[in-house]
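One-letter residues, chain by chain:
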Amino acid sequence: MTIGTLNTGTIAEAPGYDNRTAFADELIALARTDERIVAVCNDSVGSSNLVAFRDEFPDRLINVGIAEQDMVGVGAGLASSGLIPFVCAAAPFLTGRSLEQVKADVAYSRHPVILCGMSPGMAYGELGPTHHSVEDLSWLRALPGLDIVVPADRRQTRQALRNAVADPRPTFIRVGRHKVPDVTSPSSELVRGRFDLARAGDDVTIVATGTLVSRALGAAEILEQAGLSTRVLNAVYISPLDVDAIVAAAGETRAIVTAEEANVAGGLGAAVASVVAQLPSRSRVPLRIVGLTEFAPTGSTDTLLEHFGLTPAHLADAAQEALANV
């Protein structure tokens, strides 16, 4: 677990940023110094924020059209030729429509393709269930050898891209669209397979990922008013999983809550529950898993997050409920 606690006042008052902007800026900066970097997309130059990349590197952007299976296969071919392909598409179609290619051409074949799931979770809002990407963590966790990275803010988004270029390997990066505040400090380091300690605490732990990290910090502020000290773990890596941080949370706090903008069947909460369930009985603590349990309806992202209890107030309530069962 890396430590990068940010103390900048109330999270609710912090401005929000679209991580796709940080993604686009960092990809261009990296491409200027590394000719191996190419981008592949499925007629999504605009929604993947690749317009500036295309304008500066027209010969290094491959647009395969609306053919996601081909897009992943092309990415694997480029990787096998020594290039570093960033394969970019809306997360539901990148993971759902081309899951077989991700399994066979990327994970099983160990091709260092960087799969960039744009606008994941419920970021597409009003476009409805077909465009919500809430199953991706569950699907991809089942693939051995595929790193799953869910940056919580623009700083971690940039770091994820730099890590992918410095140590190319099969990787899926969830590039958020819904605006989130900065939650990591400039001194924090993104380490493969390690959570980031967003806030220290010894009463209850909230393990959150992506858009939910800032909301978990908001819940910690609410719980502090009730006299409870809350540890917030930023689960930036879903795979490899930071088992040590989870075991420490079970041993050093009295309950655990997980929070994800994803289906709870097989996602972050399931991963944490698997670790806790295998601990000796004396070391287990109450656990609450907060996320989606059904198809998300149509509505704004904020409305949908409220609908599924993915708010600071609801997370604080979940923590109180877990503690009540100690």
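Here, every reference points to the structure presented above.
It should be emphasised that the depicted structure is a prediction, and the values quoted were computed from it without experimental measurement.

*Asks:* Requested: an account of the overall build of the chain, with residues and values cited.
*Replies:* Of regular secondary structure, the chain possesses 12 helices and 13 strands. Its C-alpha radius of gyration of 19 Å places the chain within 12% of the 20 Å reference for a compact globule of 326 residues. Once the C-alpha set of the chain is aligned to its principal axes, its extents read approximately 60 × 40 × 40 Å. Here the chain holds 326 residues, and 58% of them are scored as buried. Looking at the chain as shown, the accessible area adds up to about 12,600 Å², and 49% of this sits on carbon and sulfur atoms. Seen as two clouds, the 26 positive and the 37 negative side-chain charges of the chain have centres 4 Å apart.

*Asks:* I'd like to hear about unusual backbone geometry, residue by residue, with values.
*Replies:* Put simply, S239 and P240 share a cis peptide bond, and its omega is -5 degrees. Note that P240 resides in the loop between β11 (237-239) and α9 (243-252).

*Asks:* Tell me about the pairing of strand β10 (residues 230-234), residues and numbers included.
*Replies:* Among the 5 residues that make up β10, 5 are buried, leaving the element largely enclosed by the rest of the structure. When strand β8 (residues 196-199) meets β10, the two strands line up antiparallel, connected through 3 bridges. Within β10, the position partnered with L197 by the bridge is L233. Of the crossover connections in this fold, the one passing from strand β9 (residues 204-208) over helix α8 (residues 212-225) to the parallel β10 is right-handed.

*Asks:* Just give me the short version of helix α3 (residues 68-80), but keep the residues and values in it.
*Replies:* The terminal C-alpha atoms of α3, which comprises 13 residues, lie 19 Å apart, in line with the 18 Å expected from a rise of 1.5 Å per residue. The inward-facing, buried residues of α3 abut β2 (37-41), β3 (61-63), β4 (84-90), α4 (91-96), α5 (99-108) and β5 (114-118). Of the residues trailing α3, G82 is marked for its positive phi of about 95 degrees.

*Asks:* Which residues make up the packing of α3 against α5, and what values go with them?
*Replies:* When two helices pack together, their arrangement is captured by the angle between the axes and the distance separating the axes. Running from amino to carboxyl end, α3 crosses α5 at an angle of 5 degrees, the nearest separation of the two axes being 9 Å. The orientation of α3 relative to α5 falls into the category roughly parallel. Note on element contacts: α5 touches α3 through Q101, V102, D105 and V106, opposite Q69, V72, G73 and A76. Grouping the amino acids of the contact of α3 with α5 by side-chain chemistry returns 4 nonpolar, 3 polar and 1 charged.

*Asks:* I'd like a description of the pattern of salt bridges, backed by residues and values.
*Replies:* Under the criterion given, the structure shown has 19 salt bridges. In this structure, the salt-bridge partner of R54 is D55, at a minimum N-O distance of 3.3 Å. Relative accessible area serves as the criterion here: at 53%, D55 is assigned to the exposed category. With a shortest N-O distance of 3.8 Å, D244 and R194 are connected by a salt bridge. One end of the pair, D244, is in helix α9; the other, R194, is in the loop between β7 (171-175) and β8, and 50 residues separate them in sequence. For R194, a relative accessible area of 29% translates into the label partly exposed. Taken together, the shared-partner salt bridges in this structure form one network comprising D25, E26, R158 and R162.

*Asks:* An account of the packing of α8 against helix α12 (residues 312-324) is needed here, citing residue identities and associated values.
*Replies:* The geometry of α8 relative to α12 is characterised by a closest axis approach of 8 Å and an angle of 60 degrees between their N-to-C directions. Classed by the angle they form, the pair α8 and α12 counts as oblique. At the point where α8 passes α12, the crossing takes the right-handed sense. Across from L212, R215, A216, G218, A219, I222 and L223 in α8, the residues of α12 making contact are P312, A313, L315, A316, A319 and Q320. Class assignment of the residues belonging to the contact of α8 with α12 gives a composition of 10 nonpolar, 2 polar and 1 charged.

*Asks:* Can you lay out α5 for me, pointing to particular residues and giving the numbers?
*Replies:* Those residues of α5 that sit buried are Q101, V102, V106 and A107. All buried residues of α5 project into a common sector of 150 degrees when viewed along the axis, lining one side. Exposed residues lying more than 90 degrees from the buried face of α5 are E100, K103 and Y108. Structurally, α5 contributes buried residues whose contacts are with α3, α4, β5 and α6 (136-141). R110 sits one or two positions beyond α5 and adopts a positive phi of about 60 degrees.

*Asks:* Any chance you could break down the pairing of strand β12 (residues 256-263) for me, citing the residues and the numbers?
*Replies:* Along a regular strand, successive side chains alternate from one face of the sheet to the other. Of all the 8 residues making up β12, 8 are buried; the element is thus mostly covered by neighbouring parts of the structure. Where β9 and β12 come together, 4 bridges link them in parallel fashion. In the sheet register, A208 faces β12, and the bridge partner there is A259. Following the backbone out of β12, through helix α10 (residues 268-277) and into the adjacent parallel strand β13 (residues 287-292), one traces a crossover that is right-handed.

The rules we used
Residues numbered from 1 in each chain as written. Predicted model: local features only at pLDDT ≥ 70, side-chain atom pairs only at ≥ 80, totals over all residues. Heavy atoms only, no water. Helix = DSSP H or I, 4+ residues; strand = E, 2+ residues; numbered from the N terminus. Rg over C-alpha atoms; globule rule 2.2 N^0.38 Å. Buried < 20%, exposed > 50% of the residue type's maximum accessible area, 1.4 Å probe, protein only. Areas by Shrake-Rupley, 256 points an atom, 1.4 Å probe, with all protein chains shown as cover. Lys, Arg positive; Asp, Glu negative; His and termini not counted. Charge placed at Lys NZ, Arg CZ, Asp CG, Glu CD. Pairing = 2+ DSSP bridges. Right-handed = clockwise from strand over helix to strand, strands pointing away. Expected span 1.5 Å × (residues − 1). Contact = heavy atoms within 4.5 Å. Axes fitted to C-alpha atoms, helices over the stretch in contact; angles between N-to-C directions. Parallel < 35°, antiparallel > 145°, perpendicular 65-115°, else oblique. Nonpolar A, V, L, I, M, F, W, Y, C, P; charged D, E, K, R; others polar. Salt bridge = Lys/Arg side-chain N within 4 Å of Asp/Glu carboxyl O. Left-handed = near helix turned anticlockwise from the far one by under 90°. Arc of directions from axis to C-beta.

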